[in-house]
Amino acid sequence: MKFTTLVSATALAVASTAFVGAAQARDQVQIAGSSTVLPYASIVAEAFGENTDFPTPVVESGGSSAGLKRFCEGVGENTIDVANASRKIREKEIKACAEAGVKDIIEVRIGYDGIVFASQKSGPAFNAFQPADIFNALGSKVLKDGELVDNPYNNWAEFNSELPDVEIAAFIPGTKHGTREVFEDKVLLAGCEATGAFEKFLEAAEGDSDKAKKKAAEKACINVRADGKSVDIDGDYTETLARIDSNANGIGIFGLAFYENNTDKLKVATMGGIAPSTETIASGEYPVSRPLFFYVKKAHIGVIPGLKEYAQFFIADEIAGPQGPLAQYGLVSDPELAATQASISNEETMK
């Protein structure tokens, strides 16, 4: 596949403008953030370096929150240009950015990904989950006999006889990962509501308004047990895979693309009766999916050579479209890709 047609003549000119106080801007785009977006960004960075006159961008992982924190440290060649994220940037992060001088941010949605629950291929038959199963397994407090109690369950079959009668061992994304936020909202909170625990949390919640009480109940719903049966993974998906390799009963949370590239080692469970696939994610049938993003520091465009061109290259039809290499790796193409392309071309910032 050739990508050279994606680069315009203007893309071949290296910007020479330097930041205030800097003798000379660096010549490589620097990127950090989401471990989910990492493989896509790595594919694009390599292709960009091979098919343009710009150096290959440097892509690091670390998680969405960590990447956005670095992104918001300020403007200048000693700060990164792009933050990858498996969730939208939060208001408090936008505020932190602004306070550090990062006031013009371009949001780029690259497509969609699903969060899957996978286990050892030769392990127990974890074939089907409902959000309620995950909440009952991992919630700090669960509903039993009509009362909220500290989670008493040791085995999956104790609360669902159709699940394997093996010890609960779950490896979930750490709090700095964007995947964690989606997991909390679309699985733990949904499971909490499905079991009736949310209503009990709401009854017990303290607050001076209904909104405050609801927030307290939601926080209680996503609080996970701390007895070792739920383990936060702060590294990337390879660390989760290693944990499952060493625990035949383990369940891990992965992005769809990572799972699809490790089907020789992993088997995936359905969620809500729907199997994860690019088709079920694109249609919205699979309940645990999310958009993926990267954020560009507009102040660095025209200063860091190739920054805007990298962003344009990333979301070109030939790269991020349905027939592109990112789709082959598992990314679900964004049906509104053309609007994103226009937004980058016009350097439109977040309002």
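Scroll up to find the structure.
Residues numbered from 1 in each chain as written. Predicted model: local features only at pLDDT ≥ 70, side-chain atom pairs only at ≥ 80, totals over all residues. Heavy atoms only, no water.

S.K.: I'd like to hear about the overall build of the protein chain, residue by residue, with values.
M.R.: Across its full length, the protein chain carries 14 helices and 13 strands. Across its three principal directions, the C-alpha atoms of the protein chain cover 70 × 50 × 35 Å. Counting only contacts in the protein chain whose residues sit at least 6 apart along the sequence, the fraction spanning at least 24 positions is 74%. Accessible area of the protein chain: about 15500 Å², with a carbon and sulfur share of 47%. Of the charged side chains in the protein chain, 33 are positive and 49 negative; the average position of the first set lies 4 Å away from that of the second. (Helix = DSSP H or I, 4+ residues; strand = E, 2+ residues; numbered from the N terminus. Contact = heavy atoms within 4.5 Å. Areas by Shrake-Rupley, 256 points an atom, 1.4 Å probe, with all protein chains shown as cover. Lys, Arg positive; Asp, Glu negative; His and termini not counted. Charge placed at Lys NZ, Arg CZ, Asp CG, Glu CD.)

S.K.: Run through unusual backbone geometry, naming residues and quoting values.
M.R.: Backbone geometry at Asp145 places phi at a positive 55 degrees, although glycine is not the residue there. Within the secondary structure, Asp145 is located in the loop between strand S6 (141-144) and strand S7 (147-150). Residue class for Asp145 comes out exposed when judged on its relative accessible area of 77%. For Glu347, which is not glycine, the phi torsion reads 55 degrees and is therefore positive. Mapped onto the fold, Glu347 is located in the segment after helix H14 (337-345). Its relative accessible area of 22% is what places Glu347 among the partly exposed residues. (Buried < 20%, exposed > 50% of the residue type's maximum accessible area, 1.4 Å probe, protein only.)

S.K.: A description of the packing of aromatic side chains should follow, citing residues and the corresponding values.
M.R.: Tallying each qualifying case throughout the model produces 18 aromatic pairs. Each residue in the set Phe117, Phe126, Phe129, Tyr153, Trp156, Phe159 and Phe183 is aromatic and connected to the rest through ring pairs, giving one cluster. The ring of Phe71 has Lys297 sitting right over it, with the charged end atom 5.0 Å from the ring centre. (Phe/Tyr/Trp six-rings, centres within 6.5 Å; stacked < 30°, edge-to-face > 60°. Lys NZ or Arg CZ within 6 Å of the ring centre and 35° of its normal.)

Read these as spatial facts, not as claims about activity.
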